[in-house]
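# Geometric and topological summary
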Amino acid sequence: MGLKEPANLSRRNAHGVVAVAALVAALLTTTGLAAPPNAAVASSVRLKAVIIVGPTHDLTAQNLDDGEQLAEAAEGYGMDVRRVLFPNATWANVLANVQGANLVIYLGHGYGWPSPYPPFREKFQNGVGLDPYAGASRSDVDYHGGKQIRDNWHLAPNAVVFLGHLCYAAGQSESGMGVPAWSIAQQRVDNMASAYLYAGAGAVFAFSLQSFQKTVQLLLTTDQTVDQIFRTPGTQSHSYYGWIGSDPRYFDSVRTPGARNLIDPDLSSAAVYERAVTGNLLMTGGQWRGDEAGAWSAPAFQSSPPTPQGLAVKAYAGRVVKLTWESVSVNYFGGATYNVFRNGKAIAKVGGATSFTDRPPKTGIYRYQVRALDPVRAKSPLSTLMSVQVLP
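Read on for an overview of the structure. Please read these numbers as outputs of a predicted model, since none were measured by experiment. Numbering of residues starts from 1 in every chain and runs along the sequence as written. For a predicted model such as this one, the threshold for reporting local features is a pLDDT of at least 70, and the threshold for listing and counting side-chain atom pairs is 80 or more; totals across whole chains, interfaces and linings nevertheless cover every residue. Only heavy atoms go into the side-chain values, all of them from the structure, while hydrogens and water stay out.

### Structural notes on the nonpolar core
Note the cut-off: In this description, a nonpolar core means a group of buried Ala, Val, Leu, Ile, Met, Phe, Trp, Tyr and Cys residues linked to one another through side-chain atoms lying within 4.5 Å. A 1.4 Å probe rolled over the protein chains alone gives each residue an accessible area, and that area as a share of the maximum for its type sets the label: buried under 20%, exposed over 50%, partly exposed in between. In this text, helices come from DSSP runs of H or I with a minimum length of four residues, and strands from runs of E with a minimum of two, each type numbered from the N-terminal end. Only heavy atoms enter the contact rule, under which two residues are in contact if any of them lie within 4.5 Å.
Grouped together as the largest cluster of nonpolar side chains are 39 residues, with contacts concentrated most on I52, W153, L155, L163 and Y196. Contributing elements (two or more residues each) for this core: β1 (48-53), α4 (91-98), β3 (103-107), β4 (128-130), β6 (159-164), α6 (182-198) and β7 (201-207). Considering each element in turn, this core owes the most residues, five residues, to α6. Contacts of W153, omitting those with residues within four sequence positions, involve I52, W91, V94, L95, V98, Q99, V104, Q148, Y196 and A199. If you look at the next biggest cluster of nonpolar residues, it comprises 32 residues, including L70, V81, A203 and V226.

Pasting the structure below:
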């Protein structure tokens, strides 16, 4: 893959589904979701929507059609719609339009984690795949990951982000890679949503196949919560149109403290993981529109682990030194690991524990410190220096 994932067209064909644009058209016809021209939005402020469609190999034309349908529906509700579309969906163009957005819809390639392409690098992963320059080909993808989004996007309070059709976002794998374990799907959903929540979003929806039309309508016209909107059944028999409910699971976010995840797998599907939502699941449509008080406030991103506290060092006969310290919390799956230093030199790496037994080469006075590391190799400051007399 390098930094390109295979186009996910084969995944849709494996499901035996029709083109997504046709699904959207059917949805508009059967549910009446298409707003009349200049339809009033129950908000005192004109809401801003940004539609981003990146290069997606053979699915590019399809995603452009889907993005235009969503843009026209949002405009019908009176939203200020900005189109950032292939072949001009560059990072500079995204930054020029996304600031202060209430709604961001991204259709394109996904490059998430965990994946078969280590190491974990949020410079590229858990973000968007864009055109490297205006006029680039549909097969030339420039990934801007979670770090770039955290550092450069500033969304409106309670903004909603929709991730459509991309691999990893709802927990699923790339085409042909099989169904991941629940723990892997859980990490993928939480990781992919994280950067958008730190950028100010109140909720991040990830749909592998379903349209976002109905969600937009409910956000604009009801005061339902994000949880209720996500759980809305479709009017069609097939699950592509709404809530599946065969094995839904909630779990607290690891990446964004205070946020919750809900994954709604389709056990009858070859991909299984096709719907997920992350964030403030109690946020209402009224809060998203600004008609009701109550803004989601994401915690400040922890760029490096905190300094380990409570280091205790005790010597025993036989040149044995036992160290213990307090656990450090990091906002990554896998938790913290620790480097142990003796006289300023790293002597051990400890994972899954907050203790270490050292056996210095000879008696004398030794000085110890501990440093925490997170899964992306960010380092904490060294702990307080502790000295001990090593016994013979």
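Now, onward.
### Focus on α6
Where we set the bar: By definition here, a helix of n residues has an expected span of 1.5 Å times n minus one.
End to end, α6 covers 25 Å across 17 residues, agreeing with the expected 24 Å (1.5 Å per residue, within 8%). For α6, the buried fraction is high: 14 of the 17 residues fall into the buried class. Looking one or two residues beyond α6, the residue adopting positive phi is G200, at roughly 120°.

### Notes on the side chain of R188
Applicable threshold: Working convention for charge: Lys and Arg count positive, Asp and Glu count negative, and His plus the chain ends are omitted. Should a side-chain nitrogen of Lys or Arg be within 4 Å of a carboxyl oxygen of Asp or Glu, the pair is scored as a salt bridge.
In this structure, R188 sits in helix α6. Despite its burial, R188 pairs with no opposite charge; the closest candidate is E174, at 7.1 Å N-O. Residues in contact with R188, not counting those within four places in the same chain, are W113, P114, S115, Y168, G171, Q172, S173 and P180.

### Remarks on the packing of aromatic side chains
Each aromatic ring pair is characterised by the separation of its centres together with the angle its planes make. The condition that has to hold: Each pair of aromatic rings taken from Phe, Tyr and Trp, with Trp reduced to its six-membered ring, is defined by centres within 6.5 Å and is described as stacked if the planes are under 30 degrees apart, edge-to-face if over 60, and tilted in the remaining cases. Remark: a charge is flagged as sitting over a ring if the NZ atom of Lys or the CZ atom of Arg is within 6 Å of the ring centre and within 35 degrees of the ring normal.
Under the definition given, this model contains 16 aromatic pairs. Centroid distance F207 to F212: 6.4 Å. Interplanar angle 70°. Geometry classified as edge-to-face. Of the residues examined, F212 reaches a relative accessible area of 0% and is grouped as buried. With 6.2 Å between their ring centres and 35° between their planes, F207 and F230 make a pair best called tilted. Remark: F230 occurs in helix α8 (residues 226-230) and F207 occurs in strand β7; sequence separation between them is 23 residues. One cation-aromatic arrangement involves R275 over F230; the distance from NZ or CZ to the ring centre is 4.1 Å. Above the plane of the ring of Y316 lies K322, whose end atom (NZ or CZ) is 5.4 Å from the centre.

### Points about the sheet that holds strand β9 (residues 260-263)
To be explicit about the condition: Two strands qualify as a pair provided DSSP detects at least 2 bridges between them. Comment: axis = line fitted to C-alpha atoms, over the contacting stretch for helices; angle = value between 0 and 180 degrees taken between N-to-C directions.
Sheet architecture is open: eight strands sit in the order β2-β1-β3-β6-β7-β10-β9-β8, paired in mixed fashion. The open sheet has two free edges, formed respectively by β2 (80-85) and β8 (249-252), since each of these has just one partner strand. Within the sheet, the average angular offset between the axes of one strand and its neighbour, ignoring direction, is 15°. Alignment of β8 against β9, held across four bridges, turns out to be antiparallel. Within β9, the position partnered with D252 by the bridge is R260. Across the sheet, helix α3 (residues 60-76) touches β1, β2 and β3, and the angle it forms with β2 is around 170°. Each of β6, β7, β8, β9 and β10 (275-279) touches α6; the most contacted strand, β7, lies at about 135° to it.

### Re the pairing of strand β12 (residues 320-324)
Here five bridges tie strand β11 (residues 312-316) to β12, and the two strands are oriented antiparallel to one another. By the bridge assignment, Y316 is partnered in β12 with V320. From the end of β11 to the start of β12, which pair antiparallel, there are three residues, and G318 there has a positive phi angle of about 90°. Here β12 pairs with strand β15 (residues 355-358) via four bridges, running antiparallel. In the strand pairing of β15, V321 is matched with D358.

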